[in-house]
Structure formats: structure tokens, C-alpha cells
Amino acid sequence: MADPQLRAMTWNIWWRFGPRWRERQPGILATIERFDPDVIALQEVWAADGTTQAHEFAAALGFHAVFAAPSYPRTPERILTPDHDGVELGVALLSRWPIVEHDAIPMPARHRSWDPVVLRTRVAHPAGPLPIAVACLEHATTFSDDRLAQAALLADLGTDPSTDGPCPSLVMGDLNAAADSAVLRPLRDVLIDAWVAGGGTPEAVTLPSTHPSAPLEAGPELVDQRIDHIWYRPGHEDQLVNVESAVLAGDAVDGIFPSDHRAVVCDFRWRHRSA
């Protein structure tokens, strides 16, 4: 019997920010189609007029989708364009297989007037239930207490004994912190960085200053850092999980960058240690 496999992607797709957001949509879809992931964690996803960006992509791909809001950043309070009026911003998961469970868990956010959420899901992978948590963490480096508390919540979700089983447990998203930062220590202590495990280049950047609309005001803790992540742990003590590759995606398509972030794509394969 072949070892179970999974290709996972996480990508912040920049809501309706920046110029020409409508023209970016085909590039997002084309990039997903090119890399052909099985599950895609999305951040800065828009929802409006009875649908969501994730559900539109899912329909085009023949995938399943779930969406949860609110998330970071907050939608603009001052409407700069009619395309922003009444539009939600959240996180989402796309999956090749049915998403059999999902819920939205509020994150600690003492400095915010809204309750950002983690999207907790369970996917019907052929090998069995696949637990995935999707999040975008606090981006204001001033609010380090919230950032640490949110990372600790993700670590708890990623190690929840109820997710033990035949598949690894994944935590994916724009965590707005470099992998070696103090903010992500709760994750480092209990989960494995798939980028490192898969031999991804240490110089990788997912929020590049070279993007035409790079948010340079975010500062050096975020800009030109790898702040988009896939973390995991084996589903049981005898499960051997290999990350066979770790690459970035999100180059310009027809001269237009699909997002100001790069996506992270990792290939997983796992087996029982005695197999």
C-alpha cells in the first residue's frame, strides 16, 4: 500500500487591497492550478454578495471550501472604493476532499475591538481525518502580548489530543512573524516547521520589499522575512512524516503579481515507523 501523501499550500491573497484587485484573481487561480495543492489555507479572503473568494476558487477547481471571519487586518473603516463597502475579510480553506468539520475559534486580542478567529477544520483525506488550523495572527509588533497568546493558541490546537490519528496535524497561515522570532516560540516548542524539514532555503522571503506595493511601513520584523508558515506534528507516536519539498509560489502572472505575499507549498508523505 502506498504511503499517504499531501501537498499543502498557504497563501495570503491580499483581500481587495492594492491596485487592480479584480485583475489579480486569474493569477491567483492560475498559480493554484499550476502547483496543484490538495489543501490551500488562504488569508485576507473577501466575502460579499452571498459568496466568498474561496468559494469562487473552489467552484473553478472542483474543490470544497469553508470561510471564517473576522481576521487581520480589519477591513478599512473609511471606504476608499465601492469595492470595499460591506465586504468582509477572513480566512478560508480549500480542499480536494470534503471538509467534514469546521468551526471558528476566537483568538486572544486584548488590543482590538473585534474578535479575530482561527478556522479549525477536519478534512476527509483518503488516509483518514486530516486536522488543519488556518489563521492570520496580529500584525502590529507593538501588541506582542496578543501575538504570543495567539501563537500559544495555535500550538494548543496543533497538539490537541482529539486530532491524534492517521494523518499529521497542520497549522497554516500568515503568522506575521519570522520562524525564529520570540513570537512563534510556542509553535517551535511543540510543532515542526515544514519549511525547514523540507529543505527550504533559509533565505526565503514571503513578504518581499521588491513587490510594487510592498507594505514597507510594516518594518523589518515582517518585510523581507518568511512570515507565512506551515507547521505540523505526526498524528501518532509511531508515525514518520517526511516533508519531501518546500517551495515558494506567487510569481507575477501576465505581468501582475497575484498578491503582495508569496505562497508556501510543501509536500508531505507519511507512514508507520515499522512499515
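Thresholds, definitions, all that
Each chain has its residues counted from 1, running along the sequence as written. Totals for whole chains, interfaces and linings use all residues, but because this is a predicted model, local features are given only for residues with pLDDT of at least 70 and pairs of side-chain atoms are given and counted only at 80 or more. Hydrogens and water molecules were not included; the side-chain quantities draw on all heavy atoms of the structure. We call a residue buried when its accessible area falls under 20% of the maximum for its residue type, exposed when it is over 50%, and partly exposed in between, using a 1.4 Å probe and counting protein chains only. Numbering of helices and strands runs from the N terminus, with a helix taken as a DSSP run of H or I at least four residues long and a strand as a DSSP run of E at least two residues long. By the convention used here, strands pair only if DSSP detects at least 2 bridges between them. Centres within 6.5 Å make a pair out of two Phe, Tyr or Trp rings, where for Trp the six-membered ring is used; the pair is then stacked when the planes are under 30 degrees apart, edge-to-face when over 60, and tilted otherwise. Either the NZ atom of lysine or the CZ atom of arginine qualifies as a charge over a ring when it sits within 6 Å of the ring centre and within 35 degrees of the ring normal.

Q: Run through the pairing of strand S11 (residues 228-233), naming residues and quoting values.
A: For S11, the tally of buried residues reaches six of six residues, placing the bulk of the element in the interior. In S11, alternate side chains face the same way, and those of Asp-228, Ile-230 and Tyr-232 on one face and His-229, Trp-231 and Arg-233 on the other are all buried. In terms of strand pairing, strand S9 (residues 169-174) meets S11 through six bridges, oriented antiparallel. Directly across from Gly-173, in S11, lies its bridge partner His-229. With two bridges joining them, strand S10 (residues 192-193) and S11 adopt antiparallel strand pairing. Residue pairing across strands places Ile-192 opposite Tyr-232, the latter belonging to S11.

Q: Kindly report on the packing of aromatic side chains, identifying the contributing residues and their values.
A: Enumeration over the complete set of coordinates arrives at four aromatic pairs. Consider the rings of Trp-21 and Trp-46, whose centres lie 5.8 Å apart with planes at 75 degrees: the pair is edge-to-face. Note that Trp-21 is positioned in helix H1 (residues 21-35) and Trp-46 in strand S2 (residues 39-48), a separation of 25 residues in sequence. In this pair, the class of Trp-21 matches that of Trp-46, namely buried. Centre to centre, the rings of Tyr-232 and Phe-268 are 5.3 Å apart; their planes meet at 80 degrees, and the pair counts as edge-to-face. Of this pair, Tyr-232 sits in strand S11 while Phe-268 sits in strand S13 (residues 263-272), and the two are 36 residues apart along the sequence. With a relative accessible area of 4%, Tyr-232 lands in the buried category. Looking at Arg-16, its charged tip hangs above the ring of Trp-46, at a distance of 4.4 Å from the centre.

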